[in-house]
Amino acid sequence: MVTTLLQDVRYAVRQLIKTPGFTATAVLTLALGIGANAAIFTLVHAVLMKNLPVTDPQTLIRIGDNNDCCVSSGTQDSGNYTLFATETYELLKKNTPEFEDLAAMQAGFGFRPVTARRDGDNTARSMIGEFISGNYFRTFGLRPEAGRLLSDSDDAAGAPVVAVLSFRTWRRDYAGAANIVGSTFWINTKPVTIAGIAPSGFYGDRLSPTPPDFYLPIESMPRLANAPYVRNPDARWLYIVGRIKPGTSLPALQDKITALVRQAFAQTQIFSSDDGKKQLAKAHVILTPGGAGIQDLRDAYAANLRTLMIISGIVLLIACANIANLLLVRGMGRKAEMSVRTALGAARFRIVRQLLTESTVLAGLGGLAGLMVAYAGTRMLLALAFPGAEELPIKSSPSLPVLAFACGLSLLTGVLFGVAPAWISAQAQPADALRSGSRSKGGGASWLQRSLVILQASLSLILLVGAGLFSRSLNKLQSADLKLDSRNRYIVHINPQAAGYSQTQLESLYRTIEDRFHALPGITKVGLALYTPMEDDNWSDGIQVQGQPFLRADASIVKANPDYFDSVGTHVLTGRGITIKDTATAPTVAVVNQEFVKQYFAGMNPIGQHFGARGPASVADYEVVGVVEDTIYTSVRWKEHRMYFVPILQRPASLRSTEPVEKDESLYAGAMVLAADRPVNNMEALARQTLSSINPNLTIVKFQTFDQQIADRFTEDRLVARLTMLFGVLALLLATVGLYGVTAYTVARRTSEIGIRMALGADRNGVVATVLRSALFQTLLGLTIGVPVALLCVRFVQSQLYEIKGLDSPVLIVSILTLLFAATFAGLIPARRASSIDPARALRIE
């Protein structure tokens, strides 16, 4: 059997070598189809399916099933909790022996920037730190690359501060120097000893474009970051992942942990009110697999990646239909050969197996070529999906799962496009060997060819419609009126807290920053704010208006300086903006947006009204002094976005006497917006030099033009729109080639018939019309199938589109016209060739 198989393979290779044009066309077509799928699968596998590089990830369990961005955020209304306070974590750790280890790590979509400088270096740099429990590495079953990892004793109050350096940072920034272990780093101006190096390949507990450079104990966070919530039982800020013991019942453990969480929540102030007690009764947790870690990137990209996988699969189907058509034509050309084989005693099964072997060899060659396409395609995908992310732990080179996927796909396509042509070719009768000419029967092949063309046309229409919808959605997003002015604007993210500034030093710092940057040539405005428009950040709180009942609705808060509104291009509509008179000791004021007025002050003059957080003590915290337009923050899709803006150093009136200023992290500006009167090409270097002259520890966390920051918010939409457009064009090209092949083959088979028609007086235009009519009829049948299927498919991607309801008529019309134009072009070449047939030569063919 093996010998026969090897004979079949050798014969298949010889047959493919004899027809280099056919082989090259088929391999290229398959390479595009398989390569596109393999490239998409590389990203799907890394983001949706891959486990963390840790020991036995299948035994890891996470307490929680979603991802939250901020301290104390979460699904309070449903009662499903994912974030937990430090005290809650310690309670669970002490009372759940079902876990071998239970580790905690800070929450959030991004890790915390820290300012780091090795002892002896003159320049500090902004790096990424993650605060973790002492048993973090032990829970994941990891061993150090050098030195040691963190232990429980490191995560204790008063313990000397130590850190673990990531392997990537160790090799990238310090060339893998052995003397890094045991050396001192100044992190946020505090001395920290490097205990060891994390193992190679470990990128943390979640896939992130900015993986941690330092791993630091939770108990060091108050000293290094002055974080007031580490020991605040009301502040939920930790994710929890544990390694389960064998034989543990997860439903029983989930019920037990829910009871413990309620016990911990009952001791906190937030659940002491009547409304809090109602929430406490609903509080529960859901245990989920933890082998993939914290999957915030998966949740962000899952829907789009699944859509792209389906689209690339449709492209592969069209490619397979094309190859099947090629094989059918090739099989009809080898009909005499198959008849001779049958006459000499070859069984039909043997012929089918030989032809399937040829198809499989062809698919294998296409798969190898597809891997090269996949490598280049994956690099393009990563650049589109994560622009500027140099440290993303996803490799563009094919991994073992991707190789297995490509091989399996090649085998499947070999069988898929080879079985029907092989079966039809094997039906050749011995008597056919005695016949010759083009009149031999091929009705079955012709019918199948036309069916494949109809399938290609319908699938191509679906992809063209999808490409049009996603492109139109992206265009609507990018052309939305953001109520911003991004011309000659530069965003400089900073971290004064990491540079060692206390809250009482911020007034002097902000004044110095404003003066130094105003002194730069061309700089007209220097805006300082907690965060800026169109970035992935949001601070919010519940709102109650004085004299009105409490509404369960939040409003976003931005703390800003007087230049801020002008620096981002937000216009004040009524009243006034923030001024230099709104100091830390001045009466507390707020500027609200139009949506805030619509929600809370409908039918009223908002100027002079008071509001605050819920409760009689805080409802008069802020007086409204102005109204600004509804500038877009975070996302264009976020509708009815209520916002209020307060002076950067002001604190709520109710907190000034009850809470120390040192506990208020909202006083730290997170970004500067520099507005210039002309483009400044070296703005980043100027900003870096200016900040360093103020304080060497005051580093740039991230620098972008305002246009770049806005563009980053459309990255996922741009990825889907561009890839669907690419796949749509590829599908159209393949369908056009397929229709051309079938039409050309039909013309070749009807050569004598056309010659007779022309000899009897048929004109050339009539012949062209006849051939084109046949080509367009197949395309119209494909459209008849494709239009209702496209209508159905739109329902599944509706949530990914922006302001597009149902199937957009212009998109559908353009897609249909494009397909009809391609079909006309594909049919016109064989039609013109048919009209130029010499009747005398056509009659001599037989």
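Look up a bit, the structure's there.
As the structure is a computational prediction, the values presented were derived from the model and not from experiment.

1. Observations concerning the overall build of the chain
- A tally of regular secondary structure across the chain gives 23 helices and 23 strands.
- Projecting the C-alpha coordinates of the chain onto the three principal axes gives extents of approximately 105 × 60 × 55 Å.
- Classification of the 846 residues of the chain by burial places 54% in the buried group.
- Sequence-distant contacts, at least 24 apart, represent 82% of the contacts inside the chain between residues at least 6 apart.
- As displayed, the chain has an accessible area near 36,500 Å², and 59% of this comes from carbon and sulfur atoms.
- Of the charged side chains in the chain, 81 are positive and 67 negative, and the gap between their average positions amounts to 12 Å.

2. Remarks on the packing of aromatic side chains
- Scanning the model with the defined rule gives 29 aromatic pairs in all.
- Ring geometry for Phe611 against Tyr622: centres 5.6 Å apart, planes inclined by 35°, an arrangement best described as tilted. Taken together, the positions of Phe611 in strand S19 (residues 610-612) and Tyr622 in strand S20 (residues 622-628) put the pair 11 residues apart, joining distant regions of the chain.
- Residue Tyr622 is classed as buried on the basis of its relative accessible area, which comes to 4%.
- On the numbers, 6.1 Å between centres and 55° between planes, the contact of Tyr633 with Phe645 is tilted. Of the two residues, Tyr633 sits in the loop between S20 and strand S21 (643-647) while Phe645 sits in strand S21, which places them 12 residues apart along the sequence.
- Residue classification places Tyr633 among the buried residues on the basis of a relative accessible area of 1%.
- Ring pairs connect the aromatic residues Phe596, Tyr600, Phe601, Phe611, Tyr622 and Tyr644, which therefore count as one cluster.

3. What about a nonpolar patch on the surface?
- There is a patch of nonpolar side chains on the surface, built from Leu5, Val9, Val13 and Ile17 and spanning about 320 Å² of accessible area.
- Position of Ile17 relative to the elements: it lies in helix H1 (residues 2-18).
- Judged by its relative accessible area of 61%, Ile17 is exposed.

4. Concerning the pairing of strand S10 (residues 238-244)
- Burial within S10 is extensive, with 7 of its 7 residues counted as buried.
- Residues Leu238, Ile240, Gly242 and Ile244 of S10 are buried on one face, and the alternating residues Tyr239, Val241 and Arg243, pointing to the opposite face, are buried as well.
- The pairing of strand S1 (residues 60-63) with S10 spans 3 bridges and is classified as antiparallel. In the sheet register, Ile61 faces S10, and the bridge partner there is Gly242.
- Where strand S2 (residues 99-106) and S10 come together, 7 bridges link them in antiparallel fashion. Across the sheet, Phe99 pairs through a bridge with Ile244, a residue of S10.

5. Observations regarding the packing of helix H3 (residues 86-95) against helix H7 (residues 250-266)
- Across the interface, H3 lies against H7 with an axial gap of 10 Å and an inter-helix angle of 140°. For the element pair H3 / H7, the angle class is oblique. For the pair H3 and H7, the crossing hand works out as right-handed. Residue-level inspection shows Thr88, Leu91, Leu92 and Asn95 of H3 in contact with H7, the latter providing Lys256, Ile257, Leu260, Val261, Gln263, Ala264 and Phe265.
- Classifying every residue of the contact of H3 with H7 by side-chain character gives 7 nonpolar, 3 polar and 1 charged.

6. Some points on helix H14 (residues 506-518)
- Compared with the 18 Å implied by 1.5 Å per residue over 13 residues, the 18 Å span of H14 between its first and last C-alpha is a close match.
- Every buried residue of H14 is accounted for by Leu506, Leu509, Tyr510, Ile513 and Phe517. When H14 is viewed along its axis, its buried side chains cluster within an angular range of 95° and face the same direction.
- At its buried positions, H14 is contacted by strand S13 (523-529), strand S22 (671-676) and helix H17 (683-694).

Rules used in this analysis
Sequence order as written defines residue numbering, which begins from 1 separately in each chain. Thresholds applied to this predicted model are a pLDDT of at least 70 for local features of residues and 80 or more for the giving and counting of side-chain atom pairs; totals over whole chains, interfaces and linings are not thresholded and use all residues. Heavy atoms from the whole structure form the basis of all side-chain values; hydrogens and water molecules are not counted. What counts as a helix is a DSSP run of H or I of at least four residues, what counts as a strand is a run of E of at least two, and both are numbered from the N terminus. Here's how the labels work: a residue is buried when its accessible area is under 20% of the maximum for its type, exposed when over 50%, partly exposed in between, all with a 1.4 Å probe on protein chains only. By definition in these notes, contact holds between two residues if any of their heavy atoms fall within 4.5 Å. We get accessible surface area from the Shrake-Rupley algorithm with a probe of 1.4 Å; when it comes to residues, only the shown protein chains can shield them. Counted charges follow a simple rule, with Lys and Arg positive, Asp and Glu negative, and His plus the chain ends left uncounted. Just so you know, the charge point we use is NZ for Lys, CZ for Arg, CG for Asp and CD for Glu. Note on aromatic pairs: the rings of Phe, Tyr and Trp (six-membered ring only in Trp) are paired at centre separations within 6.5 Å, and the planes decide the class, stacked below 30 degrees, edge-to-face beyond 60, tilted for the rest. Patch members must show over 30% relative accessible area and no salt bridge, and they are joined within 9 Å when carrying like charges or within 5 Å when they are nonpolar side chains of Val, Leu, Ile, Met, Phe, Trp or Tyr. Any carboxyl oxygen of Asp or Glu within 4 Å of a side-chain nitrogen of Lys or Arg constitutes a salt bridge here. Pairing between two strands is assigned when DSSP locates at least 2 bridges connecting them. Orientation is described by lines fitted to C-alpha atoms, with helices fitted over the stretch in contact, and by angles between N-to-C directions that extend from 0 to 180 degrees. Between 65 and 115 degrees an angle is taken as roughly perpendicular, under 35 as roughly parallel, over 145 as roughly antiparallel, and anywhere else as oblique. The handedness criterion is simple: a crossing whose near helix is rotated anticlockwise from the far helix by less than a right angle is left-handed, and one whose near helix is rotated clockwise is right-handed. Residues are sorted three ways: Asp, Glu, Lys and Arg are charged, Ala, Val, Leu, Ile, Met, Phe, Trp, Tyr, Cys and Pro are nonpolar, and all the rest, Gly among them, are polar. What a helix should span is 1.5 Å times the count of its residues minus one. Taken from the helix axis, the directions to the C-beta atoms give the arc we talk about.

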